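Survey of secondary and tertiary structure
Spelled out, the chains give:
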Amino acid sequence: MDFNGRDINLKLFFENFNKINSGLELEFLLKEIIIAAKHILNCDRGSLLLKDEENNELFFNTISEEKEIVLKTIKVPLGIGIASLVFQSGKPEVVNDPNDPRVFRVVDELTNKRTNNLLAVALKVKDNVIGVIEVLNTVDKRDFDANDIELLTFIANQAAIAINDRTQINLLNRIIKEITILYEISLVLNLSYEFEGFCKKAVEIIMHKMEVERISLFVISSKTNNLKLVAHTGINAPIEDGLEIEIDSGIIGYVFRNGKPLLVSDIENDPILKPLKRNNYKSKSFLSVPIELNNKIIGVLSVADKKSSEQFNNIDLIIIQSVTSSVANAFQSIETKRRLIEQEKLDKEMESAVSLQKSIMPTNFSEIKDLDVYAKLYPSNFVSGDFYDYTVYNEKEIGFMIGDVSGKGLPASIFMALARKALKIHSEDSIQPSIIFEKSNRNIFSDSKNGMFATAFFLLLDKQKQTFTYTSAGHNPQIFIRRKKGEMILLYSLGKPLGILANATYKEETFKYEKGDVIVLYTDGIIEAENAKRELFGEERLYSLVMEKINLNAKEIANTIMDDLNTFTHHNLDDDLTLLIIKL
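Residues numbered from 1 in each chain as written. Predicted model: local features only at pLDDT ≥ 70, side-chain atom pairs only at ≥ 80, totals over all residues. Heavy atoms only, no water.

1. A short note on the sheet that holds strand E11 (residues 244-245)
Strand order across the open sheet formed by 6 strands is E11-E10-E9-E14-E13-E12, with antiparallel pairing between neighbours. Strand pairing shows two members of the sheet lacking a second neighbour, E11 and strand E12 (262-264), which therefore form its edges. Sheet strands touched by helix H7 (residues 195-210): strand E9 (212-220), strand E10 (227-233) and strand E14 (296-306). Its angle to E10, the strand with the most contacts, is close to 45°. Contacts from helix H8 (residues 250-258) reach E9, E10, E11, E12, strand E13 (286-293) and E14 within the one sheet, and its direction differs from that of E14 by about 135°. (Pairing = 2+ DSSP bridges. Helix = DSSP H or I, 4+ residues; strand = E, 2+ residues; numbered from the N terminus. Contact = heavy atoms within 4.5 Å. Axes fitted to C-alpha atoms, helices over the stretch in contact; angles between N-to-C directions.)

This is the structure we're talking about:
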């Protein structure tokens, strides 16, 4: 065969192009292109370079060299070297001068082979340069000429068409495989309420659909800050789920720390992996991809050992990256499901707690004769740390108490139940307010392990003598109004809150009252309530309001206070509050 004056071995020519136009996978196709170019132009070696879009460099994708692994680590900056010039201009370049300064000599140094002459041609698809094919060092020492340029251009054009076709087919196959895997994983996710169970199913899907034998999925542990194995298959060593490795060790740790995928053709010879710990793989190819959620790396998914013994490629990388996105979404989705389930459970428990708390607070004071009594508790959350109660000792003597536990929410409500129970027990054993507090305090102090305490106020009313005796355990001043005199007296003493000191003592005071007088017991959530301007509702506002409404019944007085308080705060109460009105 004469190709514009060049004698070409016809059999060799068609054998190579039959391979190029066959159904070879892209990886093997590129290898055959280089072999064809090398043989047809009778050169010592050849290579194919593609562009690294991220770093704007060229890299050696395929080489007809025994030092292929070494050359694949080289990056050729655009603007340096013959291949770079061809890629940028789209025009062939010939070098027949062994000392041509444009030659990128780094390759010569790594291969210990000097470039004597070189021919480079662009790979084009519809005028778009996708790479560069080059042949080096003619075996017969001849110079490259115009005929060689035309011949390599012909090879490059045929190769570009074949590459483009194969790329489109591979793209379609990749999309189909990716969609299939992601669809099956999404079905698993919809039925999953536990992350590790989902991961095991996902690993099974990857294993079957990608036909790989070895998979591991590690996720960072919030408890130990190590990488925890949550799913795996094909690992020879006897390991169990839950195995943890440190994030600064091994290939998995390297990928986790680096945050970038690792696609390796030869595990044993890859320069990145040399210092890292390696396990015994069946094949040389390895793919490890970080799992990212909300710009944070949370784990690593690794695959190895294709059943076909082929190397992993960029298509596999894209598929696994899509899978890691699904794993990250699953992590978030299942965590959200778990929290919702826990929240629903907590809500039900809180509803039960609220119901229980309401049931232990008296709402009916009908057994108290000749008195108008009304009480209302308003929790800032579901449950309250406030409490109130009463004890009817006999026809003439009745005890009333109110209290406020430090803190809010569930811990405060639990401590409240403890404090109220102690007060209730001792108020049934004794009728003297100071003794009730001293005994209750000792019990509460012994049970208070976390520094919680309660303020409380106890009032013993004697209807026959028309007197009341009270004591206070650090509670805010309570209100006594003598209606006929229009006089307000603040009821307080300097006793320590319950639970502060083991052997605290409490003082009592006694007052006479008349029919129509009013006692207002309350917790500090009322006077410490704030409006939008951070102004307090305050004692003076409360005192004035009670004095103004002194002629109303107990319920009306309580409702008036709450209406005014809600107007002041726009219904934005951030503390528990309790009112106990006794109209004498």
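2. Some details on the pairing of strand E18 (residues 454-462)
Side-chain direction in a regular strand flips from residue to residue, so the side chains alternate between the two faces of the sheet. For E18, the tally of buried residues reaches 9 of 9 residues, placing the bulk of the element in the interior. Neither face of E18 is open: one carries Ala454, Ala456, Phe458, Leu460 and Asp462, the other Thr455, Phe457, Leu459 and Leu461, and all of them are buried. Across 9 bridges, strand E17 (residues 397-405) lies against E18 in antiparallel orientation. Residue pairing in the sheet places Ile398 in a bridge with Leu461 of E18. Summarising the sheet, E18 and strand E19 (residues 467-473) pair through 6 bridges and their orientation is antiparallel. Bridged to Leu461 within E19 is Phe468. From the end of E18 to the start of E19, which pair antiparallel, there are 4 residues, and Gln466 there has a positive phi angle of about 55°. (Buried < 20%, exposed > 50% of the residue type's maximum accessible area, 1.4 Å probe, protein only.)

3. Structural notes on the pairing of strand E23 (residues 518-522)
The buried fraction of E23 amounts to 5 of the 5 residues, a majority that puts the element mostly inside the structure. Alternating residues of E23 divide into Val518, Val520 and Tyr522 and Ile519 and Leu521, and every residue in both groups is buried. Pairing analysis gives 3 bridges linking strand E20 (residues 478-482) to E23, with the strands arranged antiparallel. Considered in E23, the bridge of Ile479 is made with Val520. Direction of pairing for E23 relative to strand E24 (residues 577-583): antiparallel, over a ladder of 5 bridges. Note on E24: the bridge partner recorded for Tyr522 is Leu579.

4. Section: helix H11 (residues 433-447)
With 15 residues, H11 should cover 21 Å at 1.5 Å per step; its first-to-last C-alpha distance of 21 Å lies within 8% of that length. Along H11, the residues classified as buried are Pro433, Ser434, Ile436, Phe437, Glu438, Ser440, Asn441 and Ile444. (Expected span 1.5 Å × (residues − 1).)

5. Brief notes about unusual backbone geometry
It is generally the case that most residues other than glycine have a negative phi and that most peptide bonds are trans. With a phi angle near 55°, Asn42 is a residue other than glycine that sits in the positive phi range. Along the polypeptide, Asn42 turns up in the loop between helix H2 (26-40) and strand E3 (43-52). The exposure class of Asn42 is partly exposed, given its relative accessible area of 35%. Positive phi, close to 65°, is recorded for Arg534, a residue that is not glycine. Turning to its location among the elements, Arg534 is positioned in the loop between E23 and helix H12 (539-548). Using a relative accessible area of 64% as the deciding quantity, one classes Arg534 as exposed.

6. Quick look at the sheet that holds E19
Reading across from one edge, E16-E17-E18-E19-E22 is the order of the 5 strands in this open sheet, with antiparallel pairing throughout. The strands lining the two open edges of the sheet, one partner per strand, are strand E16 (386-392) and strand E22 (509-512). On average, adjacent strands in this sheet sit at an angle of 15° to one another, irrespective of strand direction.

7. Overview of the nonpolar core
Ranked by size, the top nonpolar core spans 48 residues in total, and within it Phe400, Phe437, Phe468 and Phe480 carry the most contacts. With 7 residues, the top contributor of residues to this core is E18. (Core = buried A, V, L, I, M, F, W, Y, C linked by side-chain atoms within 4.5 Å.)

8. Digging into the environment of Thr115
Here Thr115 lies in the loop between helix H5 (106-111) and strand E7 (118-125). Relative accessible area serves as the criterion here: at 3%, Thr115 is assigned to the buried category. The sequence separation of Thr115 and Pro98 amounts to 17 residues, and the corresponding C-alpha distance is 6.3 Å. In contact with Thr115, other than residues within four places in its own chain, are Arg45, Pro98, Val103, Arg105, Asp108, Leu136 and Asn137. Here Asp108 takes part through its side chain, which lies 2.8 Å from a polar atom of the side chain of Thr115. (Polar contact = N/O pair within 3.5 Å; in protein donor to acceptor, adjacent residues only side chain to side chain.)

9. Focus: the packing of H12 against helix H13 (residues 554-569)
At a minimum axis distance of 10 Å, the contact between H12 and H13 shows a crossing angle of 140°. As summarised for this structure, H12 and H13 are arranged oblique, according to the angle between their axes. Seen from above, H12 lies across H13 with right-handed handedness. Only Thr560, Ile561, Asp564 and Phe568 of H13 make contact with H12, whose side of the interface consists of Arg541, Leu542, Leu545 and Val546. Here the contact of H12 with H13 is composed, by residue class, of 5 nonpolar, 1 polar and 2 charged. (Parallel < 35°, antiparallel > 145°, perpendicular 65-115°, else oblique. Left-handed = near helix turned anticlockwise from the far one by under 90°. Nonpolar A, V, L, I, M, F, W, Y, C, P; charged D, E, K, R; others polar.)

10. Section: H13
In this model H13 runs 23 Å from its N-terminal to its C-terminal C-alpha over 16 residues, within 8% of the 22 Å that 1.5 Å per residue would give. Three or more residues of H13 are buried, namely Ala554, Ile557, Ala558, Thr560, Ile561, Met562, Leu565, Asn566, Phe568 and Thr569. On the buried face of H13, the contacting elements are strand E15 (372-378), E23, H12 and E24. The N-capping residue of H13, defined by a side-chain oxygen 3.3 Å from the backbone nitrogen of Lys555, is Asn553. Where H13 ends, the next residue or the one after it, His570, has phi of about 60°, a positive value.

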